[in-house]
Every structure is written in structure tokens, then in C-alpha cells.
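# Coordinate inspection notes
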Amino acid sequence: MLTVSSYRDCRDAYRHRDLRQALYDEGAALMGDVIVNLHGEAHRDRRRLENRLFRRDVFMYWEREVIPEVVERVLAPAVEAGTGDLVALARRAMLTLAVRIAGVDLQDGSDSEFDDLFEIMSRLSRASTVAHATGSKAAIIETGLRALDEFDERFLQPSIRRRMSIIESGSEQTPADVLSTLLENRDALDLPPEVLRREVAYFPWVGSHSTSNALAHAMDRIFDWLVKRPAERNLLGGDPELTQRFVHESLRLHPPSPVALRRAVVDVRLASGVHVPAGETVVIDVSAANRDPDVFGPAASEFDPHRDLPEGVPLWGLSFGTGFHSCLGQELAGGVAPDGGNHKSPLYGAIAVVARELLRHGATPDPDNPPSLDAESTRPHFGRYPIRLG
Ligand code: HEM
């Protein structure tokens, strides 16, 4: 294996057409033919199709109409109780959004249904990225396959039946989601049922896990910032562009996927001269690239949402990837880069919208109950984060 860790090498590796996805090789039973694992023309065609749902005007609608309503509903019990768990709230809000994008219907939307679905998605996520797992890989994949069966039976099949009846009767507009898009184009796509279920199952976990971890880290950074500058709380809660900058800076320092993996299809040479022989696996060290002092300055490892950036470098660094596999949900989760209020139709992103709502409700860490990291994850994500509201 060869590791690249400078910002430029990582960016070039992400964008190189002869470096193909390798993160899911060991989890192929769960990720075979899923968009993020396709290469070349097959990837281009799938992306072109699904991209229709990931347009800026669609996200604009989500940000103005859907997200505020979801956030209000999710936060209401915690606001009333004056206390809650940031991680649980983030997971609930982000999974609600991600299942809607995927086209996965919930039966009653109860707490227990959500907990079950989140648990299924955690098993799928762990099994798909088994390359990073510790412990028995065979057992993790087996658990993932059972989770996929459970997802199929309990959530996917009813969602397919509902959409097929809408498509066949033509009685109403089909929902704008990934499942409907794939079903409407089923003749041209010729997707076997097992690929359809893997593709649709991918969206809820990729959409909710990374986003909820990012929100918990962003709030932690914001709380820490406000301890030293309490007078800025109202400023931050009242200025969505500022909140968004805090979220982007936190995403840079805490990329939900700290490494990406690629394999060279042929001999590859990156612009810096790094040579990758055909067949070699490349580790793209996103965490290191996002702290590259040549790009982010000598204080690259410090949290500074007001930092100056070189032309063309986003504040979130490479946290959303770049190139042909770059994140489809980026604008939904992170919005578009702020431009000093000149943008006619700003998009702040779901993480910043939820962060602002939490600040508006007076969220602070619970001083009697400190947060702790998720013991089940090999990555440094919060497992629980008690907060007070009001
Ligand atoms: C903070 C939130 C998120 C982060 C940091 C993130 C990060 C990433 C990264 C790094 C990749 C590239 C993977 C690679 O090149 O190997 C990616 C791909 C992808 N993301 Fe996200 N993601 C986030 C949220 C979302 C959301 C909300 C959705 C949709 C509901 C989503 C859907 C996708 C899809 C479909 C791909 C694969 C695109 C392709 O292969 O063409 N992501 N994401």
C-alpha cells in the first residue's frame, strides 16, 4: 500500500481516472455495483441518472421547506424536557432526511422504528467498510448481510410496492427520491433486484452517519469557541453564514471519512511525480491533507473559521471528496461555500441549519454529564453528548 498525504497529492489521486474505488473490495457482498463502487462508464451513467435528484433548486426546497420542519419535530421533545443527547438528536434528524432522499418509507415513524433502522444502517455501514474493521471480518460481513435482508423485508419491499403502484396507475406524481428514479428507469437500467436493494440501502447510511457525526463535532467546536467568547453566541445563532463557516472548518478538522482507498488500474503518475504501479492500493489520507500547512497555513491544525484560503481550496478541504466520486449529498449537508452574503440564493446546508436551531434553543453541554466517544467505532466520533436546552 502507498499512502498520499499532502493536499495536492490527495486531490490528484481522488480525481485520477485510472485510480478506482478500493474501499469496498472486502465488503463487495454489500457494495457490489453500488454507485460509489462503480468505475468508468457504468459509474457515469448511474451518477447522471441519480444526479437529477441532487440539484441545487431541489436542495433549496429541502432547506427552506423540509429541513426546518424535520428539525422542529425532532428537537421538540428535548426542548420541552430542557435536555437531550446531541448524538441521538443528530442521528434522528439526519436519518429522517436521508430516508426521504433514498425513498424508504417508515411505517409509523416511532422512536423504536427509528432506533431499529439506525441499528440496521450501523451494521450495514460497518460491514461495507470492513476494510477498516477490527475483529472477525467474516462475522461482520455476515451480520451486514442479515441487516440487508432485514432492511429489504421490513422497509424496502413496502416502499417498492407503493412506488410501483403509483408508477403503474399514473394516478399521482411519483416521489422525488432515489428508489422512484431507479424504478421509473428499470427497463433501461436492467438492475437485478439485489443491486437495487444494495443501492437504495446505501443512501440512508451514507447520508445519516457522516452527517450526524459531523454535526456532533461541529457543535462541540462551537461550544468550545463560545466558552472563550460567550458574547458571540447571539451573533453566531443569528448569522447563518457564520454558522456555516464554523461547520465547514469543523468538517476540515474532523472528516467523517478520514481516509479513502483507490487501486491503480494501470501505472499512474500523479502531478507531483508520485508513481503508483498498476494493481497498487493508494491510501488517500484526508485527515492529513486537510491539515497540510502548505495549503492551510502554519496553524492548519487549529480551529479557525476565519482563516484565509488559497484560491480554489474549500474551507472543508477534501472532506466531501473531489472528482468523479465527489459527494452527491454535499450541498444538502454542507450547502455551498459562503461568499460574503453576495450569493442570491444562499444554501447553508442541513448541518448548519440544525446547528443554528440548537443555538437558538440555547443548547449548551451538560456540565454534569460530559460527552464520550463511541467505543464501537474505530474512528473518533462521539457516542453520546448530553446537552441542555432552553
Ligand atoms: C457531512 C456529510 C457528508 C460527508 C462528509 C460526505 C462525504 C463523502 C465522500 C468523502 C465521498 C467520496 C467517497 C470516495 O470518493 O471514495 C462521498 C460520496 C457520496 N456521498 Fe457523501 N458525504 C456526506 C453526506 C452525504 C449525504 C447527505 C448524501 C445523500 C443523502 C451523500 C451521498 C453520497 C453519495 C451517493 C456518494 C457517492 C457518489 C459517487 O460515487 O458518485 N453524502 N461522500
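Going by the structure above, here's the rest.
Residues numbered from 1 in each chain as written. Predicted model: local features only at pLDDT ≥ 70, side-chain atom pairs only at ≥ 80, totals over all residues. Heavy atoms only, no water.

What the protein offers the iron atom of the ligand as a donor is a single atom, Cys327 (SG), at 2.3 Å. Along the chain, cysteine 327 turns up in the loop between helix 14 (293-296) and helix 15 (330-334). (Donors = N, O, S within 2.8 Å, 3.2 Å for Na, K, Ca; no water. Helix = DSSP H or I, 4+ residues; strand = E, 2+ residues; numbered from the N terminus.)

It is worth spelling out empty space enclosed by the protein at this point. One simple way to see leftover space: roll a probe sized like a water molecule over the atoms. Summed over the entire model, instances satisfying the criterion amount to 3 cavities of 30 Å³ or more. Lining the largest cavity, in full, are Leu53, Phe54, Val58, Phe59, Trp62, Ile101, Ala176 and Asp177. A total of 3 residues in the lining of the largest cavity trace back to one element, the largest contributor, which is helix 4 (residues 56-81). (1 Å grid on protein atoms, 1.4 Å probe; cavity = no way out; pocket = protein on both sides within 12 Å on 5 of 7 lines; lining within 4 Å. Points joined across faces, edges and corners; volume = space filled by probe spheres on them.)

Our next topic: the sheet that holds strand 7 (residues 281-285). The mixed open sheet is built from 4 strands, whose spatial order is 1-7-4-2. The open sheet has two free edges, formed respectively by strand 1 (2-4) and strand 2 (19-21), since each of these has just one partner strand. Within the sheet, the average angular offset between the axes of one strand and its neighbour, ignoring direction, is 35 degrees. Sheet strands touched by helix 1 (residues 7-15): strand 1, strand 2, strand 4 (259-264) and strand 7. Its angle to strand 7, the strand with the most contacts, is close to 130 degrees. (Pairing = 2+ DSSP bridges. Axes fitted to C-alpha atoms, helices over the stretch in contact; angles between N-to-C directions. Contact = heavy atoms within 4.5 Å.)

As a further point, take unusual backbone geometry. Notably, aspartate 33 is not glycine yet its phi reads approximately 65 degrees, a positive angle. Unusually for a residue other than glycine, aspartate 190 sits at a positive phi of about 55 degrees. Structurally, aspartate 190 is set in the loop between helix 9 (186-189) and helix 10 (193-228).

This part takes up the site of the ligand. Of all residues adjacent to the ligand, which total 29 residues, the nearest are His43, Arg47, Arg262, His325 and Cys327. Glutamine 21 is positioned such that a nitrogen or oxygen atom in its side chain is 2.9 Å from an oxygen atom of the ligand. Here an oxygen atom of the ligand sits 2.6 Å away from a polar atom, N or O, in the side chain of arginine 262. If one sorts the elements of the shell around the ligand by residue count, helix 10 sits on top with 7 residues. (Near = heavy atom within 4 Å. Polar contact = N/O pair within 3.5 Å; in protein donor to acceptor, adjacent residues only side chain to side chain.)

Okay, the packing of helix 5 (residues 86-102) against helix 10 next. Where helix 5 contacts helix 10, the two axes come as close as 8 Å, and the packing angle between them is 145 degrees. In this structure, helix 5 crosses over helix 10, and the sense of that crossing is right-handed. Facing Leu86, Val87, Ala90, Arg91, Met94, Leu95, Ala98, Val99 and Ala102 of helix 5, the residues of helix 10 in contact are Val200, Phe203, Pro204, Gly207, Ser208, Thr211, Ser212, Leu215, Ala216, Met219 and Phe223. Tallied by class, residues from the contact of helix 5 with helix 10 come to 15 nonpolar, 4 polar and 1 charged. (Left-handed = near helix turned anticlockwise from the far one by under 90°. Nonpolar A, V, L, I, M, F, W, Y, C, P; charged D, E, K, R; others polar.)

Strand order in the open sheet formed by 3 strands is 3-11-8, and the pairing between neighbours is antiparallel. Strands at the two margins of the open sheet, each flanked by one partner only, are strand 3 (83-85) and strand 8 (364-365). With 3 bridges connecting them, strand 3 and strand 11 (residues 386-388) associate as antiparallel partners. Among the inter-strand pairings, threonine 83 is bridged to a residue of strand 11, identified as arginine 388.

We now examine helix 10. Side chains that are three or four residues apart share a direction in an α-helix, a result of its 3.6 residues per turn. With 36 residues, helix 10 should reach 52 Å at 1.5 Å per residue; the first-to-last C-alpha distance of 54 Å fits that figure. Across the 36 residues of helix 10, 26 count as buried, placing the element largely inside the fold. (Expected span 1.5 Å × (residues − 1). Buried < 20%, exposed > 50% of the residue type's maximum accessible area, 1.4 Å probe, protein only.)

Moving on: the pattern of salt bridges. For side chains of opposite charge, pairing can occur when their charged atoms come near one another. Under the criterion given, the structure shown has 24 salt bridges. Between glutamate 331 and arginine 56 there is a salt bridge, with its nearest N and O atoms 2.8 Å apart. Here arginine 56 lies in helix 4 and glutamate 331 lies in helix 15, a separation of 275 residues in the sequence. For arginine 56, a relative accessible area of 37% gives the class partly exposed. (Salt bridge = Lys/Arg side-chain N within 4 Å of Asp/Glu carboxyl O.)

This structure, assessed with the given rule, holds 12 aromatic pairs. Summarising the aromatic geometry, the rings of tyrosine 7 and phenylalanine 296 are spaced 5.7 Å apart at their centres and angled 80 degrees between planes, so their arrangement reads as edge-to-face. Taken together, the residues span a long stretch of sequence, with tyrosine 7 in helix 1 and phenylalanine 296 in helix 14 at a distance of 289 residues. For the ring pair tryptophan 225 and phenylalanine 246, a centre distance of 5.1 Å and an interplane angle of 90 degrees mean the geometry is edge-to-face. On the criterion of sequence distance, the pair formed by tryptophan 225 in helix 10 and phenylalanine 246 in helix 12 (residues 240-253) is long-range, its members being 21 residues apart. (Phe/Tyr/Trp six-rings, centres within 6.5 Å; stacked < 30°, edge-to-face > 60°.)

For the rest of this paragraph, the subject is the pairing of strand 4. Taken together, the 3 bridges between strand 2 and strand 4 define a ladder with antiparallel strand orientation. Across the sheet, glutamine 21 pairs through a bridge with arginine 262, a residue of strand 4. The pairing of strand 4 with strand 7 spans 5 bridges and is antiparallel. When the sheet's bridge partners are listed, valine 259 is paired in strand 7 with aspartate 285.

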